[in-house]
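Coordinate analysis (summary)
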Amino acid sequence: MANYTTIEAVKNSAPDTFEDVPEATIQQYISDAHIKVTHDGFSTTDTDILEMAERYLTIHKYIVGTSSTLVSAEKVGPIQVTYFKAGSQDWLKWLQLTTWGADYYRLWSLYGDNGMPRISLAVLPQ
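Residues numbered from 1 in each chain as written. Predicted model: local features only at pLDDT ≥ 70, side-chain atom pairs only at ≥ 80, totals over all residues. Heavy atoms only, no water.

On to the pattern of salt bridges. What the rule picks out here adds up to 3 salt bridges. Of the charged contacts in the structure, one is a salt bridge between Asp-40 and Lys-36, with a shortest N-O distance of 3.1 Å. When its relative accessible area of 3% is taken as the criterion, Asp-40 is described as buried. (Salt bridge = Lys/Arg side-chain N within 4 Å of Asp/Glu carboxyl O. Buried < 20%, exposed > 50% of the residue type's maximum accessible area, 1.4 Å probe, protein only.)

If you want it as structure tokens, here you go:
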């Protein structure tokens, strides 16, 4: 199956991030994101939603995968800042590291869930 997004769409969404990134690298991140989007079972055939999810996840994975500021802890006097350590957080916390990941999660929560049926519960007054 073909990818939902394109190198051009990724570059247009985050031009500063991908300014000097080879297209082959971007394509690999797109392919990796495509596998995840497909696995997450988006229950929509709307190609615009699928394209956004794949694009958001591509950008998120690239930023997290290439950022050195997400993998350390710093302490200066009484102030301490702890950054994300790869493999030590759950999937939701990992997605919350960037706005792109948070946007992916929002789409997934609306259209995903590994194909599980969505149900709504309501409490009715007696």
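Here Glu-54 lies in helix α3 (residues 47–66). Taking the C-alpha atoms as reference points, Glu-54 and Tyr-4, separated by 50 residues in sequence, lie 6.6 Å from one another. Not counting chain neighbours up to four residues away, the residues in contact with Glu-54 comprise Asn-3, Tyr-4, Thr-5, Ile-30, Ala-33, His-34 and Val-37. (Helix = DSSP H or I, 4+ residues; strand = E, 2+ residues; numbered from the N terminus. Contact = heavy atoms within 4.5 Å.)

Note that Asp-48 resides in helix α3. Owing to a relative accessible area of 55%, Asp-48 belongs among the exposed residues under this scheme. Here the alpha-carbon distance between Asp-48 and Tyr-4, two residues 44 residues apart in the chain, equals 8.4 Å.

A separate point is α3. Under the 1.5 Å per step criterion, the end-to-end length of α3 is 28 Å for 20 residues, consistent within 8% with the ideal 28 Å. One side-chain oxygen of the residue at the start of α3 lies 2.9 Å from the amide nitrogen of Asp-48, identifying that residue as Asp-46. (Expected span 1.5 Å × (residues − 1). Polar contact = N/O pair within 3.5 Å; in protein donor to acceptor, adjacent residues only side chain to side chain.)

A few words now on the packing of helix α2 (residues 23–39) against α3. Relative to each other, α2 and α3 sit at 120 degrees, their axes nearing to 8 Å. Classified by the angle between their axes, α2 and α3 sit oblique to one another. As for how α2 packs across α3, the hand of that crossing is right-handed. Here Thr-25, Ile-26, Tyr-29, Ile-30, Asp-32, Ala-33, His-34, Lys-36 and Val-37 of α2 come into contact with α3, specifically with Leu-50, Ala-53, Glu-54, Leu-57, Thr-58, Lys-61, Tyr-62 and Thr-66. Of the residues belonging to the contact of α2 with α3, the class tally is 9 nonpolar, 4 polar and 4 charged. (Axes fitted to C-alpha atoms, helices over the stretch in contact; angles between N-to-C directions. Parallel < 35°, antiparallel > 145°, perpendicular 65-115°, else oblique. Left-handed = near helix turned anticlockwise from the far one by under 90°. Nonpolar A, V, L, I, M, F, W, Y, C, P; charged D, E, K, R; others polar.)

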